[in-house]
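Summary of the model geometry
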Amino acid sequence: MIARLVRGLPRRALILSAILLALGLIAPFYVGDYWLTVLTLILYFAYTGQAWNIMMGFAGQLSLGHALFVGLGAYTTAALFINYGIPPWIGLIAAVAVASVCGAMMGFLAFRFRVAGVYFAILTIAFAEFARTGFDNWSYVNGSAGLFLPVAQYTHNDLWRLRGHPAMFYYVLLTATVLIFIASRIILRSRLGYYCLAIREDEQAARATGVNTFRYKMYAVMISAGMTSFAGMFYAFYYNNLFPEQVFSISRSIEIILAPLVGGVGTLGGPIFGAFVLQGLAEGLNNLLNMLGIDVPGIKQVFFGAVLLVVVIALPEGIWPWVARLIGVAERKK
Amino acid sequence: MPADIYLNVAVSGVLAGLVYGLMALGLSVIFGVVRVVNFAHGEMMAIAMYLSLLAFNLFHIDPLMMLIPCAALLFVLGYALQAGLINRFITRPEHSQFLLMVSIAIIIANTQLILFGPDSRAVQTPYSFESYQFGPLIVDADKLYGAIGALVFAAALFAFFRFTRVGTAIRACADNYTGAQVIGLNVNRLYALTFGLGCACVGAAGAILMISADVTPQFGPIATLQAFVIVITGGMGSMVGALFGGVLIGLTAAMAGLLFTPSIKAMFVYGILVVVLLFRPQGILGKRVS
C-alpha cells in the first residue's frame, strides 16, 4: 500500500515531506500564540484548498461556492452541539452527510442538465448565496444574529468535545491536513482519480472510451463537499461564533480557492505551498507596513492583489510545479 | 387601496431593473464576444459611481450629466485592460482567467477603500424627492430619469452593433473566432474595443445609479453577483436578454420585498437563477451554444 503510494516520487520529496511534518509537529513548542494562529490559518487554507482541488484540480469542475460546504459543516455540528450536546466528532458524521447530499443535489442538477464551465461555477455561487440568505432568515440557527458556542476553557483540553487550547486545534488540523494529503494521493492513484483526470482533460473523449462521466463527476463533488465540511466543523469550534454573512459569503469561497490557484491547480503540493506563500506574504506585508508606520485600510489588499496578478501572469501553472522542478522534488515522468 | 401599492412597487422595480439591465448588458457583451467573464464588473461600476460622486461634490455636476464622461473613461480603462492584459489570457483555462479578474477586482475595490474610506456616500439631486403622478401611479423622478438614460444608452449600443461596420466585425468575431482571423479582422483590437464597450455600459449604469443609490467599496462584489444573475437569467451573450433579465430580477426583488420581508429578496433572485440554469441553461432569450 505505502510502496504503491510513494512510487514515482524522488527520494528528496519524501525527505522533504518528513522534515516538514517533523517541523509541523514540534512547532507549537517553539512559537508563540501569534504564530500558532498563523500556522493554524495556513493549515486551514491548505486543507480547504486540497478539498476544493479534488473537485476542480482532479475532475475539472470549477466551484466558486465552496463556502457553502464549510458553512453547512459548521452549522450542522454547531447546532447539534448547542441544542443536543452532541459531540462534534459525532456531529461530523451528520455534517459530512448534509454537505455530500447538498453537493450531490448540486451536481445532479448541473450534470443532468449539462450545466458546465462558467455556468457551473456561477451555479455554485448561486447555491452558496441561496444558503446565505436562507440561514440569515432561519430562526432555528438564530438567523443573522449568529450562533455562539460556549467559550472554551484553555486550562483543560477536551479533544472529544473540541474544547481547549489553540495548540490542540492546531494538532487536529495538522492531522487532518496530512490525512487529506494522503487521501488525495490515494484518489489520484486509483481508478476514480484516473477517470477524473480523463474527464478534466477531455470529457467527450472520456465518455467515448466508456467512462461514466456523470457518475465520476458526482463522486468528485460529493467527496470534495464532504471533506470540506470538516473544515466547517473546525471553523465553528475554533472561532466559537457563526454568522451566515461571514461563513457563506463569496469572499470566503474566493479565499478557499486562492491557495490552490496560486500554488498550482491539480497538484498535490500546490494547496499547501500556496497557503504558505499567501499567508507568509500577508504576514510579511503586515510587518512591513507596521515598520513603515503606514496604517491605511485596504493598502495590504492592494499589494496582495498585485502579487496575485504577477503570479497569474508569470506562472500560469501556479508556483508549486515551478518550485518542485527547481528543488528536484517533482514527480518523475513515466 | 392595496392594488395601487402593488402597481407602484412593480413599476419602480421595473425601472430599477432597467438600470441593472444596462450594467448586465456590459457583462453580456464582453462574455458573448471575448468569452471572458468579467469578475471585476461591479468594481468597475463603483469606479463610475465614485467619479460621479466626485464631480457632484466638487463641481455640483448632476450625475446624469456624468453619464457620457464616465462611459468614455471606463471605455478607455476597459480597452487598455483588454489590449494590455486580458488578450494574453484568451486561450488560458477558465480558472486562470478567473484569478486574473479577481486580482484586478481586489486591486480596484481596495484602492477605492484607500481613497474614499469605508463609509457609504450618496448625492442629493434637486429632484431626489420629486415624483410624477399618472392616475393612481406615482413614479419617482430619479428612477424614471435613470431608466430613460439606461434605455437610450442601450439603444445606442444596439444600433452600433447592428448598423456599423465595426459592430458587424465584432459580431463576426463572436460567431467564429478563426473565421474572423482568416478574413483579416484584427481580432485583438476588436476584442479590446468590445471590452471597452462593455465597460462603458457599467460606466453609464454607475453614473445613473448614483442618483438613487449609495456607494461603498463593498458595493462592487455585490453588483458583480447581481450582474451574473441577470445575464444568466436573460441569456449570456444576448443583448435584449440582459435588459429583460434586469427587468425580471428588478421586478422579482421588488415584489418579494413587498410580499415577504426585504431581507429575503436575494433568495428569490437566486431561486430564479437556479431554476433558469436548470431548465434553460442558455438563459430565457439566449441561444444554445454547442
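Everything in this summary refers to the structure shown in the same document. Here the residue numbers are simple positions, counted from 1 along each chain's written sequence. Note on labels: chains are lettered from A, ligands numbered from 1, in written order. Under the rules for a predicted model, residues below a pLDDT of 70 receive no local features and side-chain atom pairs below 80 are neither given nor counted, while totals for whole chains, interfaces and linings still include all residues.

Looking at the element boundaries, Val276 of chain B is found in helix α11 (residues 265–279). Sequence-wise, Val276 of chain B and Pro126 of chain B are 150 residues apart; in three dimensions their C-alpha atoms are separated by 40 Å. For helices the rule is a DSSP run of H or I covering at least 4 residues; for strands it is a run of E covering at least 2, with both sets numbered from the N terminus onward.

Moving on, we get to the interface of chain B and chain A. A pair of residues counts as a contact when their C-beta atoms, built from backbone coordinates, are within 7 Å of each other. Contact with chain B, which involves 32 residues of that partner, is made by 36 residues of chain A. Residue assignment for the side of chain B that touches chain A shows that the elements contributing at least two residues are α4 (94–116), α9 (219–234) and α11 of chain B. The leading source of residues in the side of chain B that touches chain A is α4 of chain B, at 14 residues. Each residue is assigned to one class: nonpolar for Ala, Val, Leu, Ile, Met, Phe, Trp, Tyr, Cys and Pro, charged for Asp, Glu, Lys and Arg, and polar for all the others, Gly among them. The residue inventory of the side of chain B that touches chain A, partitioned by class, reads 23 nonpolar, seven polar and two charged.

Take the nonpolar core next. Ranked by internal contacts, the top residues of the largest apolar core, which has 206 residues, are Val19, Leu22, Met23, Cys201, Ala204 and Ala205 of chain B. When sequence neighbours within four positions are dropped, the list of residues in contact with Ala205 of chain B reads Val19, Leu22, Met23, Met45 and Ala150 of chain B. Buried Ala, Val, Leu, Ile, Met, Phe, Trp, Tyr and Cys residues whose C-beta atoms connect them within 7 Å together make up a nonpolar core. Once C-beta atoms are placed from the backbone, each residue is buried if 20 or more other C-beta atoms lie within 10 Å of its own, exposed if 12 or fewer, and partly exposed for counts between those two.

Moving on to the packing of helix α2 (residues 41–59) of chain B against α9 of chain B. Residues and elements named next belong to chain B. Viewed as axis vectors pointing N to C, α2 and α9 meet at an angle of 125 degrees, and their least axial separation amounts to 6 Å. Taken together, the axes of α2 and α9 are oblique relative to one another. Judged by the twist between their axes, the crossing of α2 over α9 is right-handed. Residue-level inspection shows His41, Gly42, Glu43, Met45 and Ala46 of α2 in contact with α9, the latter providing Phe219, Gly220, Pro221, Ile222, Ala223, Thr224 and Ala227. The residue inventory of the contact of α2 with α9, partitioned by class, reads seven nonpolar, four polar and one charged. Every axis corresponds to a line fitted to the C-alpha atoms, with the helix fit spanning only the stretch in contact, and the corresponding angles, defined between N-to-C directions, vary from 0 to 180 degrees. In what follows, roughly perpendicular refers to angles from 65 to 115 degrees, roughly parallel to angles under 35, roughly antiparallel to angles over 145, and oblique to any angle outside these ranges. Handedness of a helix crossing follows the sense of rotation of the near helix relative to the far helix, less than a right angle counterclockwise being left-handed and clockwise being right-handed.

A few words now on the environment of Leu258 of chain A. Along the chain, the position of Leu258 of chain A falls in helix α12 (residues 250–263). Sequence separation of Leu258 of chain A and Phe45 of chain A is 213 residues, and the distance between their C-alpha atoms is 8.7 Å.

The subject of this paragraph is helix α15 (residues 319–326) of chain A. Residues and elements named next belong to chain A. Residues of α15 that are buried: Ile319, Trp320 and Ala324. The buried side chains of α15 occupy one side of the element, clustering within an arc of 125 degrees when seen end-on. In α15, the exposed positions angled more than 90 degrees off the buried face are occupied by Arg325 and Leu326. Taken together, the buried residues of α15 touch α12, α13 (269–292) and α14 (299–314). Where α15 terminates, the next one or two residues include Gly328, which has phi positive at roughly 75 degrees. What the arc covers is the set of directions going from the helix axis to the C-beta atoms.

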